[in-house]
Amino acid sequence: MRGKRRIAAVLLACGLLMTAAGCKEGKKGPEPTIGGDVTQYMNDAVVTVDDVSVSYREAMLYLQSTKQEYEGAYGGEIWQYMLNKDGTTLGEWVKNQTLEQIIYIKIVCSQAKKLGIELDSEEKKMVIERTEAYMAKTEYTTLALYGIARKDVERVYTDNALAQKIYDSVTLNVDTDISNEEAAQKHLQSMMLKNYHEDELGNRTPLTVLELIAALDRFDALYEEAQTTKDFYSLAYANTENREYLDIQVGEGDLPEELSAAYELKTGETMQIRAADGYYIFHCVSEYDEDATIAKKEELIALRQEEAFKELYETWRAEAKIEMNEVLWKAIGFDMDAAG
């Protein structure tokens, strides 16, 4: 799981979006129409990266995996949701992101020979096991619909395992010397009373004078109780009107400027802050949260690795020859059970 997150994070960090400059249109065959049956083209290349072609079948493996992940979380009616004023649907956006994932995998794998990296016997065994598991759980009708064969599944698992191994190898020597001071995390808890009303659309209106007086009286009473309670969290949970900072681990500079004074608290201390949007009471559970600091250090190391790999990947991509079969790719529908 951690490896998958790293690759996904690199894709996001690279800001990879399809551009006209990034791809050259490939050779066009018979032009399928959107909504038509494009499965007759299942052996045709959707994209070619240098001399490696990605067939319709292989592309559909990536697309179906992504489709199932999204629909498992959000349902099957999400694909026509408009993301922006340009009319881009979620289906179109995810489809293009999936294409970038495919291109990324192929470009990274193309460096394996130059880097002297290959899968060992145990890694190849894992690929076979994952392939067998996929074939066993996937209905025959689904495989037949897209022309997916065992070799296609094995290729996808092999490429992903190899890309991850290349990533790990290339980033192995990235400077990971991060001090405790740089990664230090405090454990804070807080409660907040708003100085405004908010409607369903997020529009805010200030409290009336009488409402403001009542809110301040309540705030003062809560602050007095907060200084003596042995269970600040329960008090905050029961009374806060904004749980964004209810229970947090933060480093220096993580809090908004008007709340930054809370970072100076020592263990067991409590303070009040009057901000533009309301009244806060912060309590310091621990001025040095060891577990959170270790996690932050790992996060910063991963970020350095991602940035280093991003720079290298952008060089590889600039040198790669990418040819798209735009017509076939466009004809693959992302909001339907079948292509087209």
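Coordinates for the structure precede this section.
So, here's what we can say about the structure. (Residues numbered from 1 in each chain as written. Predicted model: local features only at pLDDT ≥ 70, side-chain atom pairs only at ≥ 80, totals over all residues. Heavy atoms only, no water.)

Some thoughts on the nonpolar core
Logical step 1: Grouped together as the largest cluster of nonpolar side chains are 43 residues, with contacts concentrated most on Val47, Tyr56, Ile107, Val108, Tyr313 and Trp329.
Logical step 2: Take this core: its biggest share by element is eight residues, from helix H3 (residues 90–109).
Logical step 3: One finds Tyr245, Ala262, Ile273 and Cys284 within the second-largest nonpolar core, a separate group that totals 15 residues. (Core = buried A, V, L, I, M, F, W, Y, C linked by side-chain atoms within 4.5 Å. Buried < 20%, exposed > 50% of the residue type's maximum accessible area, 1.4 Å probe, protein only. Helix = DSSP H or I, 4+ residues; strand = E, 2+ residues; numbered from the N terminus.)

A short note on the sheet that holds strand S8 (residues 270–275)
Logical step 1: Sheet architecture is open: four strands sit in the order S7-S4-S9-S8, paired in antiparallel fashion. The two strands at the open ends of the sheet, each matched to only one other strand, are strand S7 (247–250) and S8. Within this sheet the neighbouring strands show an average axis-to-axis angle of 30 degrees, counted without direction.
Logical step 2: Pairing of S8 with strand S9 (residues 278–286) involves six bridges; the strand directions are antiparallel. Its bridge partner being in S9, isoleucine 273 is matched across the sheet by tyrosine 280.
Logical step 3: Relative to the sheet, helix H10 (residues 232–239) contacts strand S4 (186–194), S7, S8 and S9, its axis offset from that of S4 by approximately 30 degrees. (Pairing = 2+ DSSP bridges. Axes fitted to C-alpha atoms, helices over the stretch in contact; angles between N-to-C directions. Contact = heavy atoms within 4.5 Å.)

Regarding the packing of H3 against helix H11 (residues 290–319)
The description of two packed helices rests on the angle between their axes and on the distance between the axes.
Logical step 1: Taken N-terminus to C-terminus, the directions of H3 and H11 make an angle of 85 degrees; their axes are 10 Å apart at the nearest point. In terms of their interaxial angle, H3 and H11 are classed as roughly perpendicular. Listed contacts from H11 to Glu100, Ile103, Tyr104, Ile107 and Val108 of H3 are Phe309, Tyr313, Trp316 and Arg317.
Logical step 2: Residues of the contact of H3 with H11, tallied by class, amount to seven nonpolar, no polar and two charged. (Parallel < 35°, antiparallel > 145°, perpendicular 65-115°, else oblique. Nonpolar A, V, L, I, M, F, W, Y, C, P; charged D, E, K, R; others polar.)

Here we look at a nonpolar patch on the surface
Logical step 1: The grouping of Tyr81, Leu83 and Trp93 at the surface amounts to a nonpolar patch, some 320 Å² of accessible area in total.
Logical step 2: Relative to the helices and strands, tryptophan 93 is located in helix H3. (Patch = residues over 30% accessible without salt bridge, like charges linked within 9 Å, V, L, I, M, F, W, Y side chains within 5 Å. Areas by Shrake-Rupley, 256 points an atom, 1.4 Å probe, with all protein chains shown as cover. Salt bridge = Lys/Arg side-chain N within 4 Å of Asp/Glu carboxyl O.)

Some details on the environment of isoleucine 102
Logical step 1: Examined against the element boundaries, isoleucine 102 turns out to sit in helix H3.
Logical step 2: Between the alpha carbons of isoleucine 102 and leucine 63 there is a distance of 9.8 Å; along the sequence they are 39 residues apart.
Logical step 3: Aside from chain neighbours lying at most four places away, what touches isoleucine 102 is Val47, Val54, Ala59 and Tyr62.

Notes on the pattern of salt bridges
Logical step 1: Counted according to the given criterion, the structure contains 17 salt bridges.
Logical step 2: Where glutamate 198 meets lysine 194, a salt bridge forms, and the shortest distance between an N and an O atom there is 4.0 Å.
Logical step 3: Here the salt bridges do not stand alone but share partners, grouping Arg57, Glu58, Lys106, Asp152, Arg155 and Asp159 into one network.

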